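# Examination of the molecular architecture
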6 protein chains.
Amino acid sequence: MPYVNIQVTREGVTPAQKARLIKGATDLLADVLGKNPSTTFVVIEEVEFENWGIGGLPVQEYRARPGSE
Amino acid sequence: MPYVNIQVTREGVTPAQKARLIKGATDLLADVLGKNPSTTFVVIEEVEFENWGIGGLPVQEYRARPGSE
Amino acid sequence: MPYVNIQVTREGVTPAQKARLIKGATDLLADVLGKNPSTTFVVIEEVEFENWGIGGLPVQEYRARPGSE
Amino acid sequence: MPYVNIQVTREGVTPAQKARLIKGATDLLADVLGKNPSTTFVVIEEVEFENWGIGGLPVQEYRARPGSE
Amino acid sequence: MPYVNIQVTREGVTPAQKARLIKGATDLLADVLGKNPSTTFVVIEEVEFENWGIGGLPVQEYRARPGSE
Amino acid sequence: MPYVNIQVTREGVTPAQKARLIKGATDLLADVLGKNPSTTFVVIEEVEFENWGIGGLPVQEYRARPGSE
């Protein structure tokens, strides 16, 4: 009966990639804890760049810093 | 002082239905726990079909399976 | 396929009250949106007083203010 | 390694204001708990008026009540 | 920079199982979306039985029903 | 009417530090967006070390790595 919430920046995640995330997270719960896939929810939230901060900066500014990932 | 978060798939929930969810959840907290409606928050999140998974599948594929709800 | 998260302060909510919250929230989603109870999750989170703030104060200080609820 | 989630109604929050929220929340965790900004996430969620309830009403109706904030 | 929140019922999940969930979710985001593990957070929340509802019932009552999973 | 959720590892955060987080987050929303403190909620969640992952590892293993923060 797990609930999994995945938050990522909104940058062109495709439906096929989302399906893989859903499948992968559901399998993970089944493999590790024996959870029933039919009662496993996965909810993906895509967050605009300007709404996600790291290092005290919106993510685009953070990534634009010299030496950042 | 409760906070209630309701996540549903985005499929044409009307403003009137949302108002009923807000009213209903607020009344529930008042009835069961005596919570003050003026400090009860209800936040509804509508999630795209492709972002919601159950049974290891995006919800539309899940619903399209033979015998599914 | 809704997911409902209810956050309240931890102050002696009984199992019977929790069961009423679960039943009430599930019924609400069924009544308003026709959602299937068998795929409706309700998760209750009880939050310590010192971890909940309102009006810029931990809830116990807030409630102790003259004229507060 | 904190994660901060800020939910506000969607009403024209500017990118500059979001940057100030991100900076302010990150600084707060650094100042109070000594948390490393480079592993502090801030995620802002903007919620439509009709999806946010208080006092048992959608926020716009709530604000339109006589004597409300 | 993903954030993954995994909610499960509290029923003896071991530290080793939690480590596998953390590793698995982090790998999933790296494999599917190329996300950097060093900025991927996974937060596991264990929820008491009486605080988790499905089918309008606390999970233990739900599981005790004839024919339930 | 903001709702702020702050998740940190559980490692001896004192009530006084929590009060500062609550005050700081509430002031931030008031300063940047003019939000009314009396309808600003701050909820702090303390997460066990073994339940928080970064870099694909539980946080304690992550911190124990050579060269980590």
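Residues numbered from 1 in each chain as written. Chains lettered and ligands numbered in written order. Predicted model: local features only at pLDDT ≥ 70, side-chain atom pairs only at ≥ 80, totals over all residues. Heavy atoms only, no water.

### Some details on the sheet that holds strand β3 (residues 52-54) of chain A
Quick reminder of the rule: Between any two strands, at least two bridges found by DSSP are needed for them to pair. The secondary structure listing takes helices from DSSP runs of H or I that are at least 4 residues long and strands from runs of E that are at least 2 residues long, numbered from the N terminus. Pairs of residues are marked as contacts when any of their non-hydrogen atoms sit within 4.5 Å. Only C-alpha atoms enter the line fits that serve as axes; for helices the fit covers just the stretch in contact. Angles between N-to-C directions range over 0 to 180 degrees.
An order of β4(A)-β3(A)-β2(D)-β1(D)-β1(F)-β2(F)-β3(C)-β4(C) is seen for the eight strands of this open sheet, with the pairing classed as mixed. Sheet topology places β4 (57-58) of chain A together with β4 (57-58) of chain C at the edges, where each strand pairs with a single neighbour. Pairing geometry for β3(A) and β4(A), over two bridges, is antiparallel. Its bridge partner being in β4(A), A:Ile54 is matched across the sheet by A:Leu57. Sheet strands in contact with helix α1 (residues 15-33) of chain D are β3 and β4 of chain A, β1 (3-9) and β2 (41-47) of chain D together with β1 (3-9) of chain F, and its direction is about 140° off that of β2(D). Strands in contact with helix α1 (residues 15-33) of chain F are β3 (52-54) and β4 of chain C, β1 of chain D together with β1 and β2 (41-47) of chain F; relative to β2(F), the strand with the most contacts, it is inclined by about 140°.

### Details of the interface of chain C and chain F
The line we're drawing: As a working definition, buried area equals the accessible area (1.4 Å probe) given up by two parts on being put together, with both sides summed. Whenever a carboxyl oxygen of Asp or Glu lies within 4 Å of a side-chain nitrogen of Lys or Arg, that contact is scored as a salt bridge. Polar contact criterion, stated in full: a pair of N or O atoms within 3.5 Å, where within protein one must be able to donate a hydrogen and the other to accept it, and residues adjacent in sequence count only if both atoms are side-chain atoms. For this classification, the nonpolar set comprises Ala, Val, Leu, Ile, Met, Phe, Trp, Tyr, Cys and Pro, the charged set comprises Asp, Glu, Lys and Arg, and every other residue, Gly included, is treated as polar.
Across the contact, 13 residues belong to chain C and 17 residues belong to chain F. Here chain C and chain F share an interface that buries about 1,200 Å² over both sides, 51% of which is from carbon and sulfur atoms. The largest per-residue losses of area from chain C upon contact with chain F belong to C:Glu50, C:Asn51 and C:Gly56, which jointly make up 42% of the total buried on that side. Across the contact surface, chain C and chain F share one salt bridge. Its salt-bridge partner being F:Lys18, residue C:Glu50 comes within 2.6 Å of it at the nearest N-O pair. Where chain C packs against chain F, one counts seven residue pairs in polar contact (both at pLDDT 80 or more). Mapped onto the side of chain C that touches chain F, the elements with two or more residues apiece are β2 (41-47), β3 and β4 of chain C. At three residues, β3(C) tops the list of elements feeding residues into the side of chain C that touches chain F. Taken together, the residues of the side of chain C that touches chain F break down into six nonpolar, five polar and two charged. The pairing of β3(C) with β2(F) spans three bridges and is antiparallel. When the bridges of β2(F) are listed, C:Gly53 appears paired with F:Val42.

### Overview of the relation of the copies chain A and chain E
Basically, it comes down to this: Our superposition of the copies is a least-squares fit, built on the C-alpha atoms of residues whose pLDDT is at least 70 in both.
Here chain A sits on chain E after a turn of 180° about the axis and a move of 0.0 Å along it, with an RMSD of 0.0 Å. Classification of the inter-copy transformation places it as that of a two-fold axis. It is A:Asn5 whose C-alpha, among those of chain A, lies nearest the rotation axis, at 2.5 Å. A shared interface surface links the copies, since 100% of the contact residues of chain A are contact residues in chain E too.

### Overview of the sheet that holds strand β2 (residues 41-47) of chain B
Taken in spatial order, the eight strands of this open sheet run β4(D)-β3(D)-β2(B)-β1(B)-β1(C)-β2(C)-β3(E)-β4(E), and their pairing is mixed. Sheet topology places β4 (57-58) of chain D together with β4 (57-58) of chain E at the edges, where each strand pairs with a single neighbour. Pairing of strand β1 (residues 3-9) of chain B with β2(B), which is carried by seven bridges, proceeds in the parallel orientation. Residue pairing across strands places B:Val8 opposite B:Glu46, the latter belonging to β2(B). Along the sheet face, helix α1 (residues 15-33) of chain C touches β1 of chain B, β1 (3-9) and β2 of chain C together with β3 (52-54) and β4 of chain E and points at about 140° away from the line of β2(C).

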